[in-house]
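Architecture at a glance
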Amino acid sequence: MAAVYKALSQPDSKVPKSEGDKATRQRVLILSSRGVTFRQRHLLNDIHFLLPHSRKEAKLDTKTKLYQLNELAELYNCNNVLFFEARKGKDLYAWMSKPPNGPTVKFHVQNMHTTDELHFTGNCLKGSRPILSFDATFESAPHLQVIKELLAQTFGVPKGARKSKPFVDHVMGFTVADGKVWVRCYQINETADNKAQALPEGDVPEAEAPKRGETSIGLVEIGPRFVLTPIVILEGSFGGPVIFENKEFVSPNAIRADLIKSKAGRFNRRAEAETQSRVKRGAFGLTTHGGTKAERDPLDNRELFA
């Protein structure tokens, strides 16, 4: 019987695949740079868990020669690259590219929450395929359409992908708000109603009466959750001319530098006010507290009780 089952299940695989099936093959290369924190590393592991058609690679040593990722993707036969770049142990940037011809989108990752941190009750089968849900705002601008296409090809698990299961039990939602892409993951929760539930008595319309054996479908968040702020879109793969730039984006490093300058400005203002006070007191013949020992008044406490 095993031989018969094997013989019956083989013919479909012997049929040559069409060109459309070859075009839908997607493999994602996921890797990060050195210097990532434990939360960023756990976020990368959660994304790798949700994408069965992805390949996780070791950390990349360089942060300037990103064009090497094109050769790495060709080596592992991947046509999508998701690269996480860590800066100063605080900031995380995500590069999403379509090698070898592009385009490439650079995001700033904020509000990261891993699955272990959230402790949600939802769960999904490992290797299952997700349903991608995009907000209608993605169709409002050309750069958002490019981002939508890259997200669909990166996070969309094609049918029959490697290590994927023939199940669809979770949803990945992408929503645009305040110029940022908010990513959430939900489990498709099916709850069967009580089959033994009695129909209500009285004059109740048959259409409004609950039916036995109905199944209610809901969504339960499972994580992870994070926010992507688009920075630039490059025409090529990790290079090429800039076709979109977010003018409203402010680097977190620049924000920290402004905070340090503001604190330094407060100190400079206090020092300048103290200097002006010393000059005014000297103009009126009063003793300044910051003067040298030769400039002090003979009746000063520091001279009397020295």
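Here's a quick rundown of the structure.

Analysis parameters
- Residues numbered from 1 in each chain as written.
- Predicted model: local features only at pLDDT ≥ 70, side-chain atom pairs only at ≥ 80, totals over all residues.
- Heavy atoms only, no water.
- Salt bridge = Lys/Arg side-chain N within 4 Å of Asp/Glu carboxyl O.
- Helix = DSSP H or I, 4+ residues; strand = E, 2+ residues; numbered from the N terminus.
- Buried < 20%, exposed > 50% of the residue type's maximum accessible area, 1.4 Å probe, protein only.
- Expected span 1.5 Å × (residues − 1).
- Arc of directions from axis to C-beta.
- Phe/Tyr/Trp six-rings, centres within 6.5 Å; stacked < 30°, edge-to-face > 60°.
- Lys NZ or Arg CZ within 6 Å of the ring centre and 35° of its normal.
- Pairing = 2+ DSSP bridges.
- Disulfide = S-S within 2.5 Å.
- Right-handed = clockwise from strand over helix to strand, strands pointing away.

Turning our eyes to something else, we now look at the pattern of salt bridges. Following the criterion strictly, the structure yields eight salt bridges and no others. Here Glu117 and Arg39 are joined by a salt bridge, their closest N and O atoms 2.8 Å apart. One end of the pair, Glu117, is in helix H6 (residues 115-118); the other, Arg39, is in helix H4 (residues 38-50), with 78 residues separating them in the sequence. On the basis of relative accessibility, which here comes to 26%, the residue Arg39 falls in the partly exposed class. Among the salt bridges present, the one from Arg87 reaches Glu85, with a minimum N-O distance of 2.3 Å.

With that out of the way, let us pick up helix H7 (residues 142-155). Here H7 spans 20 Å end to end across 14 residues, near enough to the 20 Å set by a 1.5 Å rise per residue. Leu144, Ile147, Leu150, Leu151, Thr154 and Phe155 are the residues of H7 that are buried. End-on view of H7: buried residues confined to an arc of 125°, all on one side of the axis.

Here we come to the packing of aromatic side chains. Scanning the entire structure with this criterion turns up four aromatic pairs. Note on Phe134 and Phe174: the rings are 5.0 Å apart at their centroids and 15° apart in plane angle, and the pair reads as stacked. Of this pair, Phe134 sits in strand E6 (residues 130-134) while Phe174 sits in strand E7 (residues 170-177), placing them 40 residues apart in sequence. Its relative accessible area of 23% is what places Phe134 among the partly exposed residues. On the basis of relative accessibility, which here comes to 1%, the residue Phe174 falls in the buried class. A network of ring pairs unites the aromatic residues Phe134, Phe138, Phe155 and Phe174 as a single cluster. One Lys or Arg, Lys106, reaches over the ring of Tyr93 and ends 4.9 Å from the middle of that ring.

For the rest of this paragraph, the subject is H4. Across its 13 residues, H4 extends 19 Å between first and last C-alpha, which sits within 8% of the 18 Å expected from 1.5 Å per residue. All of the buried residues along H4 are Gln40, Leu43, Leu44, Asp46, Ile47 and Leu50. Along H4, the residues classed as buried sweep out an arc of 160° about the axis, all on the same side.

Another aspect to go through is unusual backbone geometry. Note the cis peptide between Pro99 and Pro100, where omega equals 5°. As for its placement among the helices and strands, Pro100 is situated in the loop between strand E4 (91-97) and strand E5 (104-113). The amide bond that connects Gly223 to the next residue, Pro224, takes the cis arrangement and shows omega of 0°. Mapped onto the fold, Pro224 is located in the loop between strand E9 (215-221) and strand E10 (225-234).

Burial analysis of E10 places nine of its 10 residues in the buried class, the great majority of the element. Alignment of E5 against E10, held across eight bridges, turns out to be antiparallel. Following the sheet pairing, His113 is matched in E10 by Arg225. Examined bridge by bridge, strand E8 (residues 180-192) and E10 share three bridges and lie antiparallel to one another. Paired with Val183 across the two strands is Phe226, which belongs to E10. As judged from the three bridges shared by E10 and strand E11 (residues 242-245), these two strands associate in the antiparallel manner.

This structure, assessed with the given rule, holds zero disulfides. You can see Cys124 has no disulfide; the closest cysteine sulfur is in Cys185, sitting 7.9 Å from it.

Here we take up the pairing of strand E1 (residues 28-32). When you tally the buried positions in E1, you get five out of five residues, the bulk of the element. After leaving E1, the chain enters H4 and then returns to the sheet as strand E2 (residues 54-56), a path that is right-handed. Here E1 runs beside strand E3 (residues 80-87); their pairing, made up of five bridges, is parallel. Within E3, the position partnered with Val28 by the bridge is Asn80.

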